[in-house]
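Here is how the chains run, residue by residue.
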Amino acid sequence: MRAILSILLSAGAMLTPPPADAGKLYGLVIGIDDYQHVTDLKGAVNDARDVADALTGLGAEVVTLLDGRATRQAVMAEWRRLATGLGPEDQLIVSYAGHGTNEPERIAGNEADGRDETLILSGFAPYGAAAGERILDDEIAELIALTGQDQTIFVAD
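Residues numbered from 1 in each chain as written. Predicted model: local features only at pLDDT ≥ 70, side-chain atom pairs only at ≥ 80, totals over all residues. Heavy atoms only, no water.

## Notes on the overall build of the protein
The condition is simple: Strands here mean DSSP runs of E at least two residues long; helices mean DSSP runs of H or I at least four residues long; both are numbered from the N terminus. Under the scheme applied here, a residue whose accessible area is under 20% of the maximum for its type counts as buried, over 50% as exposed, and between as partly exposed, the area being computed with a 1.4 Å probe on protein chains only. Whether two residues are in contact is decided by their heavy atoms, any of which lying within 4.5 Å being enough. Residue exposure ignores everything except the shown protein chains as possible cover, and the areas themselves are Shrake-Rupley values with a 1.4 Å probe.
Assigned secondary structure in the protein consists of four helices and seven strands. Listed N to C, the secondary structure of the protein is α-β-α-β-α-β-β-β-β-α-β in terms of helices and strands. Counting only residues that meet the buried cut, the protein has 40% of its 157 residues in that class. Across the protein, contacts joining residues at least 24 apart in sequence account for 65% of those joining residues at least 6 apart. Within the structure as shown, the protein displays about 8500 Å² of accessible surface, and the carbon and sulfur contribution to it stands at 53%.

## Examining the nonpolar core
What counts here: Joining through side-chain atoms within 4.5 Å is the link that ties buried Ala, Val, Leu, Ile, Met, Phe, Trp, Tyr and Cys residues into a set, and such a set is a nonpolar core.
Counting 25 residues, the largest nonpolar core has Leu-28, Ile-30, Ile-32, Trp-79, Leu-92, Tyr-96 and Ile-135 as its most contacted members. Breaking this core down by element, the ones donating at least two residues are strand 1 (25–31), strand 2 (61–66), helix 3 (72–84), strand 3 (91–97), strand 5 (115–120) and helix 4 (137–145). Here the element with the most residues in this core is helix 3; it accounts for five residues. Excluding residues within four positions of it along the chain, Ile-30 makes contact with Ala-48, Leu-65, Ala-70, Val-75, Ser-95, Tyr-96 and Ala-97. Counting 10 residues, the second-largest nonpolar core is a separate cluster that includes Leu-25, Val-29, Ala-48 and Val-51.

## Some remarks on the sheet that holds strand 5
To keep things clear, this is the line we draw: Any two strands with at least two DSSP bridges between them are considered paired. Whenever a helix is involved, its axis is fitted only over the stretch in contact; in every case the axis is a line through C-alpha atoms, and angles between N-to-C directions fall within 0 to 180 degrees.
The strand order across the open sheet formed by three strands is 4-5-6, and the pairing between neighbours is antiparallel. Of all the strands in the sheet, just strand 4 (100–104) and strand 6 (134–136) have a single pairing partner and so form its edges. Across the sheet, the mean angle from the axis of one strand to that of its neighbour is 35 degrees, orientation sign disregarded. Bridge analysis of strand 4 against strand 5 gives five bridges, and the strand direction is antiparallel.

## What to know about the packing of aromatic side chains
Condition: A pair of aromatic rings is counted whenever rings of Phe, Tyr or Trp (Trp by its six-membered ring) have centres within 6.5 Å, and the orientation is called stacked for planes under 30 degrees apart, edge-to-face for over 60 and tilted otherwise.
Taken as a whole and judged by the stated rule, the model has one aromatic pair. Residues Trp-79 and Phe-154 carry aromatic rings whose centres are separated by 5.7 Å and whose planes lie at 25 degrees to one another, so their mutual orientation is stacked. Note that Trp-79 is positioned in helix 3 and Phe-154 in strand 7 (residues 152–156), a separation of 75 residues in sequence. Trp-79 sits in the buried class, given a relative accessible area of 1%.

## Some words on the pairing of strand 5
Relative to strand 6, strand 5 runs antiparallel, the two sharing three bridges. Within the sheet, the bridge partner assigned to Ile-120 lies in strand 6 and is Arg-134.

## Digging into unusual backbone geometry
Phi at Asp-67 takes a positive value of approximately 45 degrees, unusual for a residue other than glycine. Judged by relative accessible area, Asp-67 falls into the partly exposed class, the value being 22%. Notably, Asp-150 is not glycine yet its phi reads approximately 65 degrees, a positive angle. Judged by its relative accessible area of 65%, Asp-150 falls in the exposed class.

Structure representation (structure tokens):
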């Protein structure tokens, strides 16, 4: 995450004021240290705050979802809202810092390795209703597809 933050900070230092007709920059920043049913992390929330600060410094409108606010419903709703509201010149940066895992693919033959990669959200549990508190790689692809070509940058740590 430090390398990503360095790139964002360097980009901000090199930017000149955008032309009046340039698009707007948006950010959705997710950071989770406090998990209800899996091992907590240390540093993901700090990384997310650093990324949010860097994006804000670049003039972005940023939505930050940390720990318990990073639910499946909140992440999906905010990502959809931001993606579907972009103008043709706008850019969306989505940053995730937290646990990830993989599981057997839900759609047979969909993954070369037979596994779906997932982002694990704050309320995730391996079993029961809380197992739905995750986002699959196929869902991420669908969210990215909501925007025009090259309008979304997704970074996961």
